[in-house]
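Fold and geometry: a report
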Amino acid sequence: MKKQLTMADIAKIAGVGKSTVSRYFNGGYVKDETKEKIRVVIEEYNYKPNTFAQSLKAKETKIIGVVVPCLDSTVTSRVLMSLDEELRTAGYTMLIMNTAHDHNLEIENIENLQRLRVDAIILSAISMTDELKKVIGSVDVPLLVLEQEYENGVSIINNDYSAGYTMGKYVADKGHKNVLVVSVNEKDIAVGVKRRSGILDALKESNVDIVDVLESNFSHHKTYDCAKEYFKDGIGNIDAVICSTDKQAVAVMKVIEELGLSIPKDVSICGFGGYETSRLLKPRLTTIKFDSEKLGKIATETILKMIKKEEVEKLQSVDAKFIEGESVSDIN
């Protein structure tokens, strides 16, 4: 097997300058006689140029960096699949950076993508901290924020307040008067503030007697531990649990089942996400599904306009679909 040459090796073997070889690959002017010398060397050694390295030297890389909080989320996966399909169709390559819900890594990834000279960045933000806003403000390529509202830039969000209100109203209309809301930290404006506010406002307007809030995070393990502690003496008067995500709902369902109780006979449970696995649960989970595919499509259309310096809406939102399962009982 012949060794893989570098451009400098090709220049030496062909007896030309390295800059000439560079012009050859970048479509610049090279004499026909010189082109033939270079072509012969390339074919003999089966040289394959590093297209990624080449793109970094070009004015346009045709690469869009995508920063996400995790890779094991069904919703994130749906968004990424949609983005990949839409961007590929438009002639762009997606470079994914995972932050693992680490704020420092999130900032580091944004800075690394800028150093790689990507054409634009799509950020699915963990939460809009002051430090993150400062970094976003310093980025000199188009940057689009997903799933968190960024007042000083361009963002696309899920209509979390409306979704939360829909679920809160549904549970109240089913006659539930003692409700536990499992949420996340208020640093997450989308879920910890807007989705939670929608739920609480609907319950309050429906005159629900008792509402308690249990704060967890997005992980199954953390929510399981929080629910285990909360229900250590039984469920008391709680007759319904509204979880901020389906993953949280699954964790709470496990705790309830370990207490020897039945869902929804003893307590009702619902969530947000609309995962495929939610339909496989027994009972099937009542949930709300955000249109992740549409989010990816709108995000692609928006970032391409931003790259072309065309005018875009500062804030766009994606609605959700209510999916009635079997996990919420009617106790009217």
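Thresholds applied
- Residues numbered from 1 in each chain as written.
- Predicted model: local features only at pLDDT ≥ 70, side-chain atom pairs only at ≥ 80, totals over all residues.
- Heavy atoms only, no water.
- Helix = DSSP H or I, 4+ residues; strand = E, 2+ residues; numbered from the N terminus.
- Buried < 20%, exposed > 50% of the residue type's maximum accessible area, 1.4 Å probe, protein only.
- Core = buried A, V, L, I, M, F, W, Y, C linked by side-chain atoms within 4.5 Å.
- Contact = heavy atoms within 4.5 Å.
- Pairing = 2+ DSSP bridges.
- Axes fitted to C-alpha atoms, helices over the stretch in contact; angles between N-to-C directions.
- Right-handed = clockwise from strand over helix to strand, strands pointing away.
- Salt bridge = Lys/Arg side-chain N within 4 Å of Asp/Glu carboxyl O.
- Patch = residues over 30% accessible without salt bridge, like charges linked within 9 Å, V, L, I, M, F, W, Y side chains within 5 Å.
- Areas by Shrake-Rupley, 256 points an atom, 1.4 Å probe, with all protein chains shown as cover.
- Lys, Arg positive; Asp, Glu negative; His and termini not counted.
- Charge placed at Lys NZ, Arg CZ, Asp CG, Glu CD.

Considerations on the environment of Ser197
The residue Ser197 is located in helix H9 (residues 189-205) in this model. Given a relative accessible area of 27%, Ser197 falls into the partly exposed group. Each C-alpha atom, one on Ser197 and one on Gly168, is 9.7 Å from the other, the two residues being 29 residues apart in sequence.

Quick look at the nonpolar core
Counting residues in hydrophobic clusters, the biggest one holds 23 residues, and the most contacted among them are Ile64, Leu83, Leu144, Leu146, Ile156 and Ile303. Listed by contribution, the elements that provide at least two residues to this core are strand S1 (63-68), helix H5 (74-89), strand S3 (120-124), strand S4 (143-146), strand S5 (154-158) and helix H12 (292-307). Not counting residues up to four positions away in its chain, the partners in contact with Ile156 are Leu144, Val145, Leu146, Glu147, Gln148, Leu295, Ile298, Ala299, Thr302, Gln316 and Val318. Of all hydrophobic cores here, the second largest spans 21 residues; its members include Leu180, Ile235, Val241 and Leu285.

Topic: the sheet that holds S4
Within the open sheet, the 6 strands sit side by side as S2-S1-S3-S4-S5-S11. Their pairing is parallel. Strands at the two margins of the open sheet, each flanked by one partner only, are strand S2 (93-98) and strand S11 (315-318). On average, each strand axis in the sheet is inclined to that of its neighbour by 20°, with strand direction left out of account. Alignment of S3 against S4, held across 4 bridges, turns out to be parallel. Note that in S4 the partner of Leu123 across the bridge is Val145.

A short note on the environment of Val213
For Val213, the position within the fold is in strand S7 (residues 210-216). Taking relative accessible area as the criterion, Val213 reaches 35% and is therefore assigned partly exposed. As a C-alpha pair, Val213 and Val181 span 32 residues in sequence and 4.7 Å in three-dimensional space. Once residues lying within four places of it in the same chain are set aside, the contact partners of Val213 are Leu180, Val181, Ser183, Arg196 and Leu200.

Focus: the sheet that holds S7
The strand order S7-S6-S8-S9 describes an open sheet built from 4 strands, whose pairing is parallel. Only two strands of the sheet have a single neighbouring strand rather than two, namely S7 and strand S9 (268-270). The mean angle between the axes of side-by-side strands here comes to 15°, regardless of whether they run parallel or antiparallel. Summarising the sheet, strand S6 (residues 178-184) and strand S8 (residues 240-243) pair through 4 bridges and their orientation is parallel. Bridge pairing links Leu180 to Val241 in S8. This element, helix H10 (residues 220-230), spans S6 and S7 of the sheet and lies at about 140° to S7.

Examining the pairing of S2
Of the pairings in the sheet, the one linking S1 to S2 comprises 6 bridges and is parallel in character. Considered in S2, the bridge of Ile63 is made with Thr93. In terms of handedness, the path from S1 via H5 over to S2 forms a crossover that is right-handed.

Side note on the pattern of salt bridges
Using the criterion set out here, one finds 14 salt bridges in the structure. With a closest N to O distance of 3.2 Å, Arg196 and Glu186 form a salt bridge. One end of the pair, Arg196, is in helix H9; the other, Glu186, is in the loop between S6 and H9, with 10 residues separating them in the sequence. Residue classification places Arg196 among the buried residues on the basis of a relative accessible area of 9%. With relative accessibility at 48%, the residue Glu186 sits in the partly exposed group. Taken together, the salt bridges that share partners define one network made up of Glu36, Arg39 and Glu43.

Focus: a negative patch on the surface
Residues Asp102, Glu108, Glu111 and Glu131 make up a contiguous surface patch of negative charge. Relative to the helices and strands, Asp102 resides in the loop between S2 and helix H6 (103-115).

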